[in-house]
Amino acid sequence: MTIQGNANTPRKLLAVFAHPDDETFICGGTFAKYAAEGVEMTLVSATRGEMGRRMGNPPYLNRETMAAAREQELREACACLGIGNLIFFDIRDKTVEFEDERSLEGRIEALIRDIAPDVVLTFHERYGGHPDHCAIGKATTAAFWRSARKGALYFITFGDAMERPERYGYKRKDVVKIDVQAYQSAKLAAFRAHRCQTEIDEWVWLADNEALSRFGRHEYFLKGDVQAAQRANTDLF
Amino acid sequence: MLPINKPQAEAELRKFVGADAYIHSEATSFVFVRNFKVKVTHAFIAGESSSYRAALRFDGHGWLRMEALTHYEVDEFGRLLLAGYDDRGRMNVALHLGKEPFPE
């Protein structure tokens, strides 16, 4: 089933991530694609990434200036990707897993009930790759199941790892593969907006056509409910 | 942040001697401690090239020692920020001292 948006009932997406740059580095092309299709998008960043290691290259940040700098970078990246609504949970970077779980779930559940998104994106609670990722993924997954009366949950995934979902105990039918080829310029702009994190990666700052050639054509998502009725495997909606 | 000038950085660090100080200390990939409060009794900077050690004695029985510090500044709030960066701008260590708690 495809949920069709129209002028009266725009489709809505809620993404609940951990750090500024998760949205861009992992699935920036998908945000840009759905922005172009008129989807209303809200991004939660649990932290401001203020405990990050990359301080610019050469370094121009310190631990105390980093939160404000990365917040501003994320605002710019959201503008590049067409994410209209940005929410910070004000949790200190690297401490999400130590937050009270019920309270964190409650905040996310309230957002889901308020926004009533058609699609919820978060990290897989085991394959998130960073303790903050796994913790926000776990809380969001619990909140989704407690609150959802409609919509679909997906886990974001890195690179093209989900070309071989069997390695993670999933089947090909559990994977949604989004073609983002037409949206790579927006994704590159968002990469560059996250300047303090990307200055160390020389390829980001090459001429546009060279930098764009580094992006894969697809971004991959795992279905949060593999028992759910089969949806198209090339679209989240 | 400026490359550490040893006499200047040590002079700034010694301004905290005799005072209560809130400290943020981290080895970035492994540990951070934020807002522990101590009474600083001695302060030292050692090292001769571009990478320095800092040490504090506190509360009559405590030591804090860090190495690989490369940069420092006194920020607009009067806090002394010392940090160690690698050659590509990645932080290895940080040592901050302030008279007030750092934001949680």
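Residues numbered from 1 in each chain as written. Chains lettered and ligands numbered in written order. Predicted model: local features only at pLDDT ≥ 70, side-chain atom pairs only at ≥ 80, totals over all residues. Heavy atoms only, no water.

Our next topic: the side chain of A:T24. Residues and elements named next belong to chain A. Within the fold, T24 resides in helix α1 (residues 22–36). Taking the relative accessible area as the measure of exposure, T24 reaches 0% and is therefore buried. Here E23 takes part through its side chain, which lies 2.6 Å from a polar atom of the side chain of T24. Among all residues touching T24, those that are not within four sequence positions of it are A77, L81, K187, A190, F191 and H194. (Helix = DSSP H or I, 4+ residues; strand = E, 2+ residues; numbered from the N terminus. Buried < 20%, exposed > 50% of the residue type's maximum accessible area, 1.4 Å probe, protein only. Polar contact = N/O pair within 3.5 Å; in protein donor to acceptor, adjacent residues only side chain to side chain. Contact = heavy atoms within 4.5 Å.)

For the rest of this paragraph, the subject is the packing of aromatic side chains. Residue and element names in this part refer to chain A. Applying the stated criterion across every chain, the model contains eleven aromatic pairs over all chains. Summarising the aromatic geometry, the rings of F17 and F31 are spaced 6.2 Å apart at their centres and angled 70° between planes, so their arrangement reads as edge-to-face. Of the two residues, F17 is situated in strand β1 (residues 12–17) and F31 in helix α1; the sequence distance between them amounts to 14 residues. You can call F31 buried: its relative accessible area is 1%. Measuring from centroid to centroid gives 5.0 Å for F144 and W145, while their planes differ by 80°, and the two rings are edge-to-face. (Phe/Tyr/Trp six-rings, centres within 6.5 Å; stacked < 30°, edge-to-face > 60°.)

What follows is about the pattern of salt bridges. Under the criterion given, the structure shown has 31 salt bridges over all chains. Across the pair B:D86 and A:R53 runs a salt bridge whose closest N-O atoms are separated by 4.0 Å. Remark: A:R53 occurs in the loop between β2 (40–45) and α2 (66–81) and B:D86 occurs in the loop between β7 (80–85) and β8 (91–98); the pair is interchain, linking two chains. Look at A:R53 and you get partly exposed, because its relative accessible area is 30%. Salt-bridge contacts for B:E10 lead to B:R14; the nearest nitrogen and oxygen are separated by 3.6 Å. Highlighted residues: B:E10 and B:R14, both in helix α1 (residues 6–14), separated by four residues, approximately one helical turn. The exposure class assigned to B:R14 is partly exposed, which follows from its relative accessible area of 42%. Connected through shared salt-bridge partners, A:R102, A:E105, A:E109, A:R113 and A:R146 make up one network. (Salt bridge = Lys/Arg side-chain N within 4 Å of Asp/Glu carboxyl O.)

On the chain B side, the residues contacting the 17 residues of chain A number 22 residues. Connecting chain A to chain B are four salt bridges. Our count for the contact surface shared by chain A and chain B stands at eleven residue pairs in polar contact (both at pLDDT 80 or more). Partitioning the side of chain A that touches chain B into residue classes produces five nonpolar, five polar and seven charged. (Nonpolar A, V, L, I, M, F, W, Y, C, P; charged D, E, K, R; others polar.)

Another point: the sheet that holds strand β6 (residues 175–179) of chain A. Residues and elements named next belong to chain A. The strand order β3-β2-β1-β4-β5-β7-β6 describes an open sheet built from seven strands, whose pairing is mixed. Both outer strands of the open sheet, β3 (85–88) and β6, are each paired with one neighbouring strand and no more. Ignoring strand direction, the axes of neighbouring strands in this sheet form an average angle of 25°. Looking at chain direction, β6 and strand β7 (residues 218–223) are connected through five bridges and run antiparallel. Across the sheet, residue V175 finds its bridge partner in β7, namely L222. (Pairing = 2+ DSSP bridges. Axes fitted to C-alpha atoms, helices over the stretch in contact; angles between N-to-C directions.)

Moving on, we come to the nonpolar core. Ranked by internal contacts, the top residues of the largest apolar core, which has 58 residues, are A:F31, A:L121 and A:L236. Excluding its chain neighbours within four sequence positions, the residues that come into contact with A:L236 are A:T30, A:Y34, A:V119, A:L121, A:Y154, A:V176, A:I178, A:F221 and A:R231. Counting 23 residues, the second largest nonpolar core, distinct from the first, contains B:F16, B:A43, B:M66 and B:V93. (Core = buried A, V, L, I, M, F, W, Y, C linked by side-chain atoms within 4.5 Å.)

This next bit is on a nonpolar patch on the surface. All names here are of chain B. A cluster of nonpolar side chains, F30, V31 and V33, forms an exposed patch at the surface whose accessible area comes to about 330 Å². Mapping F30 onto the fold places it in the loop between β2 (20–27) and β3 (31–46). In this structure F30 comes out as exposed when scored by relative accessible area, which is 77%. (Patch = residues over 30% accessible without salt bridge, like charges linked within 9 Å, V, L, I, M, F, W, Y side chains within 5 Å. Areas by Shrake-Rupley, 256 points an atom, 1.4 Å probe, with all protein chains shown as cover.)

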